[in-house]
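A closer look at the structure
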Amino acid sequence: MGKGGGCVPSKKRSVESADQDSPNRERDGPVPTQERAPTAAADVTAPVTVNNEQTIKKLRIFIIFYSMYGHVELLARRMKKGADSIDGVEGVLYRVPETLTSEVLEQMRVPQKHDEVPVISAEKLVEADGLLFGFPTRYGCMAAQMKAFFDSTGGLWREQRLAGVPAGFFVGTGTQGGGQETTAWTAITQLAHHGMLYVPIGYTFGAGMFKMDSVRGGSPYGAGVFSGDGTREPSTTELALAEHQGKYMASIVKRFAVPC
């Protein structure tokens, strides 16, 4: 895979002269499968013909979240906006299945979910070129609903179907000391066992990561929001950081998809 400038010949390797033997299929036989260059990345953005019209197939980042009271969902929607702004990439929103009964949710005064965002199944993860998982914290770790979803991916883990897929996190906490960092880094084990590539945002957001003049969720691990008692809305900076993470992940996914 090239890093921006493409592939160039090694300075330590001499250029083959014209009188050297060229490959001969009849003499040398077919190239073994394991020696062939991978073509999956090239196929991702290949033209697709639909109704006699040729279009470019976009790379897809699945933005998968659990949001009880809507704070994490607001981040997810801004993250999709960021991903969609990168040419050749689109963000796709999904929810994970709810594990609580309707009776319990009613007692907790949890608002109704939007039907426009479908519930994802574990098997669908293999269709993504990149993954972003968002969830609220529970004692410094991911919420049980998201953990239950990861627990359902055993079949994919067994065959390592997600190995090499870029993935990241964004979180929501009730307080400033409630787990903006620990909620993300305790989730990294899920990616490690699947062989996924963890993509934190670092300090790529720039000056916004250093401002101390207001309360702001988010960390080098990913975007974040403070919900407080549930009435606080995400700040302008928190939403901007979420949008930035969508753009950043889209750029990483594009870089991985470019064939060498």
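A brief report on the enclosed structure follows. (Residues numbered from 1 in each chain as written. Predicted model: local features only at pLDDT ≥ 70, side-chain atom pairs only at ≥ 80, totals over all residues. Heavy atoms only, no water.)

For the rest of this paragraph, the subject is the overall build of the protein. Within the protein, the regular secondary structure consists of nine helices and nine strands. Considering only contacts within the protein whose residues lie at least 6 apart along the sequence, 73% involve residues at least 24 apart. A total accessible area of about 15,400 Å² is found for the protein, and carbon and sulfur atoms account for 53% of it. (Helix = DSSP H or I, 4+ residues; strand = E, 2+ residues; numbered from the N terminus. Contact = heavy atoms within 4.5 Å. Areas by Shrake-Rupley, 256 points an atom, 1.4 Å probe, with all protein chains shown as cover.)

Turning our eyes to something else, we now look at empty space enclosed by the protein. Scanning the entire structure with this criterion turns up one cavity of 30 Å³ or more. Approximately 30 Å³ is the volume attributed to the largest cavity. Of the residues belonging to the lining of the largest cavity, the class tally is no nonpolar, three polar and three charged. (1 Å grid on protein atoms, 1.4 Å probe; cavity = no way out; pocket = protein on both sides within 12 Å on 5 of 7 lines; lining within 4 Å. Points joined across faces, edges and corners; volume = space filled by probe spheres on them. Nonpolar A, V, L, I, M, F, W, Y, C, P; charged D, E, K, R; others polar.)

Once that is clear, we can look at the pattern of salt bridges. Using the criterion set out here, one finds ten salt bridges in the structure. Here glutamate 127 ties to arginine 60 by a salt bridge, and the two come within 3.3 Å at their closest N and O atoms. Here the residue glutamate 127 occupies a position in the loop between helix 4 (102-107) and strand 5 (130-138), and arginine 60 occupies one in strand 3 (residues 59-65), the gap between them amounting to 67 residues. Owing to a relative accessible area of 24%, arginine 60 belongs among the partly exposed residues under this scheme. (Salt bridge = Lys/Arg side-chain N within 4 Å of Asp/Glu carboxyl O. Buried < 20%, exposed > 50% of the residue type's maximum accessible area, 1.4 Å probe, protein only.)

For strand 3, a buried count of six out of seven residues is recorded, marking the element as mostly surrounded by other parts of the structure. In terms of strand pairing, strand 3 meets strand 4 (residues 89-95) through seven bridges, oriented parallel. For leucine 59, the partnering residue across the bridge sits in strand 4 and is valine 89. Of the crossover connections in this fold, the one passing from strand 3 over helix 3 (residues 71-84) to the parallel strand 4 is right-handed. Here strand 3 runs beside strand 5; their pairing, made up of five bridges, is parallel. Looking at the pairing, isoleucine 63 lines up with leucine 132 of strand 5. (Pairing = 2+ DSSP bridges. Right-handed = clockwise from strand over helix to strand, strands pointing away.)

The next thing to look at is the packing of aromatic side chains. On inspection of all chains with the given rule, the structure shows seven aromatic pairs. On the numbers, 6.4 Å between centres and 65° between planes, the contact of phenylalanine 149 with phenylalanine 150 is edge-to-face. An aromatic cluster of at least three residues, connected via ring pairs, comprises Phe133, Phe135, Phe149, Phe150, Phe169 and Tyr198. (Phe/Tyr/Trp six-rings, centres within 6.5 Å; stacked < 30°, edge-to-face > 60°.)

This part takes up the packing of helix 3 against helix 9 (residues 236-257). Look at helix 3 against helix 9: their axes get within 7 Å of each other, and the N-to-C directions meet at 45°. When the axis of helix 3 is compared with that of helix 9, the two are oblique. The crossing of helix 3 and helix 9 is right-handed. Each of Leu74, Leu75, Arg78, Met79, Lys81, Gly82 and Ala83 in helix 3 lies in contact with helix 9, whose residues at this interface are Glu238, Leu239, Ala240, Ala242, Glu243, Gln245, Gly246, Lys247 and Ala250. Considered class by class, the residues forming the contact of helix 3 with helix 9 number eight nonpolar, three polar and five charged. (Axes fitted to C-alpha atoms, helices over the stretch in contact; angles between N-to-C directions. Parallel < 35°, antiparallel > 145°, perpendicular 65-115°, else oblique. Left-handed = near helix turned anticlockwise from the far one by under 90°.)

Together, Tyr69, Leu100, Val104 and Met108 give the surface a local cluster of nonpolar side chains, amounting to about 310 Å² of exposed area. Looking at the secondary structure, you find methionine 108 in the loop between helix 4 and strand 5. (Patch = residues over 30% accessible without salt bridge, like charges linked within 9 Å, V, L, I, M, F, W, Y side chains within 5 Å.)

Quick look at the side chain of glutamate 238 now. Mapped onto the elements, glutamate 238 comes out in helix 9. What makes glutamate 238 buried here is its relative accessible area of 0%. At 2.8 Å, the side chain of glutamate 238 forms a polar contact with the backbone nitrogen of glycine 217. Within the local environment of glutamate 238, its side chain forms a polar contact with the backbone nitrogen of phenylalanine 226, the two atoms lying 3.3 Å apart. Here glutamate 238 is in contact with Leu75, Arg216, Gly217, Gly224, Val225, Phe226, Arg232 and Glu233, once residues within four sequence places are set aside. (Polar contact = N/O pair within 3.5 Å; in protein donor to acceptor, adjacent residues only side chain to side chain.)

Any link to function would need more than the numbers given here.
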